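Here are the chains, one letter per residue:
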Amino acid sequence: MTTVLKLGGSVVTDKDEPETVDERNLSRAAEAIAAVDEDIVVIHGGGSFGHHHAAEHGVSTTDGTHDSGAIRAIHGAMKDLNEAVVGALAEAGVSAVPVHPFSAAHRDSKSDLSVSTDRLATMLGEGFVPVLHGDVVVHENLGATILSGDEIVVALADALDADRVGVCSAVPGVYDAEKTVIDRIDSFDDVADVLGGSDATDVTGGMAAKVRELLGLDAPAYIFDIDGLDEFIAGENPGTRID
Ligand code: IPE
C-alpha cells in the first residue's frame, strides 16, 4: 500500500508572513503522518516561502528564467521550508528524508515532466519517507520554471502506483455553490459550473485545475483540510473523494 500526500503551502506556512512556518499545523501533520506504517511519500507546497521569490523574479510554471540567482533564491527558500518539514517529521518519529526536485526532476522541450521515481521507489523500499516540495526545475528552452507540488503529486501517484492520494489544503474539500463540501466527484462536467469551467488554466493552485488533474489518476484522491488528515491516514474518506 502506497500513499502520496501533499501538504499545501497554506497548511504548513503562515501565508501572510514571509517565510514563516505554521508550527502548530506542521506538528499536527507530523503526528498524523507518524501513524502511517506503510509506504508514504510526502510533498509540500511553497506557501509564504516559494511564491514571493517566484513572483519577484517573474518565474511561473510557464515563464522561465535563465538567471541562476533567481533559481538559487527560489530553491533556497524552498529548501529552508523542506528542512523545517523534514525536521518536524523526524521529531515525530518519521524516517523522513529530503528530496529536492531541482536535483531530481526536469521538463523537456514539450514541457513534459520527468522525475527520478526509481530513486523514490528505492527510498520507500528501504523504509524511508521521501519529502519533496514544489520547486524550480530546469526546463528545456525556457531555463527554469516552477514545478508545483500538485504536479509532483500527479506525476508520482501513477509512477509509484499509489493506492491513495491525499491533498491537505486550506479548505475542507471541494465546495458546491452553497459552500457545502461535495462528497464525491467522478466527472469534471458534474462540477464544471461551480469550479469555473473546464478551461481554467492555473496549474499552481485553483480548485478546478486540482480536480481535473486528480480525476486523471488511477488512485482515488481526497481533498481535505488539516482536520481531515487523521481520517485520511486512518483510511477513511474525509473531504471530497475524487475518482
Ligand atoms: C509552489 O508549490 C512552489 C514554488 C513557488 C517554488 P505549490 O504551488 O505546490 O505551493 P502551494 O501549496 O500552492 O503553496
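Anyway, here's the lowdown on the structure attached to this text. Because the structure is predicted, anything quoted here is derived from the model rather than measured.

Topic: the overall build of the chain
Reasoning step 1: Along the chain, the regular secondary structure elements total nine helices and 12 strands.
Reasoning step 2: Taken over the C-alpha trace, the chain has a radius of gyration of 17 Å; the compact-globule value for 243 residues is 18 Å, and the two agree within 12%.
Reasoning step 3: If one aligns the C-alpha atoms of the chain with their principal axes, the spans along those axes are about 45 × 45 × 35 Å.
Reasoning step 4: By residue count, 49% of the 243 residues in the chain fall in the buried class.
Reasoning step 5: Expressed as a percentage of contacts within the chain between residues at least 6 apart in sequence, the contacts between residues at least 24 apart total 72%.
Reasoning step 6: Total accessible area on the chain is roughly 10,800 Å²; 44% of this is exposed by carbon and sulfur atoms.

Concerning the site of the ligand
Reasoning step 1: Every one of the 18 residues lining the ligand counts as a neighbour, but K6, G9, G46, G47 and G149 are closest to it.
Reasoning step 2: Take G9: an N or O atom from its main chain is 2.8 Å from an oxygen atom of the ligand.
Reasoning step 3: One nitrogen or oxygen atom from the main chain of G46 is found 2.8 Å from an oxygen atom belonging to the ligand.
Reasoning step 4: Coverage of the ligand by the protein chains reaches 95% of its 400 Å² of free accessible surface.
Reasoning step 5: Elements with a contribution of two residues or more to the shell around the ligand: α3 (47–56), α4 (68–91) and α6 (149–159).

As for the side chain of H133
Reasoning step 1: By secondary structure assignment, the location of H133 is in strand β6 (residues 129–133).
Reasoning step 2: The class for H133 is buried, based on a relative accessible area of 0%.
Reasoning step 3: A polar contact of 2.9 Å, which involves the side chain of H133, links it to the side chain of H100.
Reasoning step 4: The contacts of H133, once residues within four sequence positions are left out, are I43, H44, H75, M78, N82, V99, H100, P101 and I152.

Reading the values: rules and limits
- Residues numbered from 1 in each chain as written.
- Predicted model: local features only at pLDDT ≥ 70, side-chain atom pairs only at ≥ 80, totals over all residues.
- Heavy atoms only, no water.
- Helix = DSSP H or I, 4+ residues; strand = E, 2+ residues; numbered from the N terminus.
- Rg over C-alpha atoms; globule rule 2.2 N^0.38 Å.
- Buried < 20%, exposed > 50% of the residue type's maximum accessible area, 1.4 Å probe, protein only.
- Contact = heavy atoms within 4.5 Å.
- Areas by Shrake-Rupley, 256 points an atom, 1.4 Å probe, with all protein chains shown as cover.
- Near = heavy atom within 4 Å.
- Polar contact = N/O pair within 3.5 Å; in protein donor to acceptor, adjacent residues only side chain to side chain.

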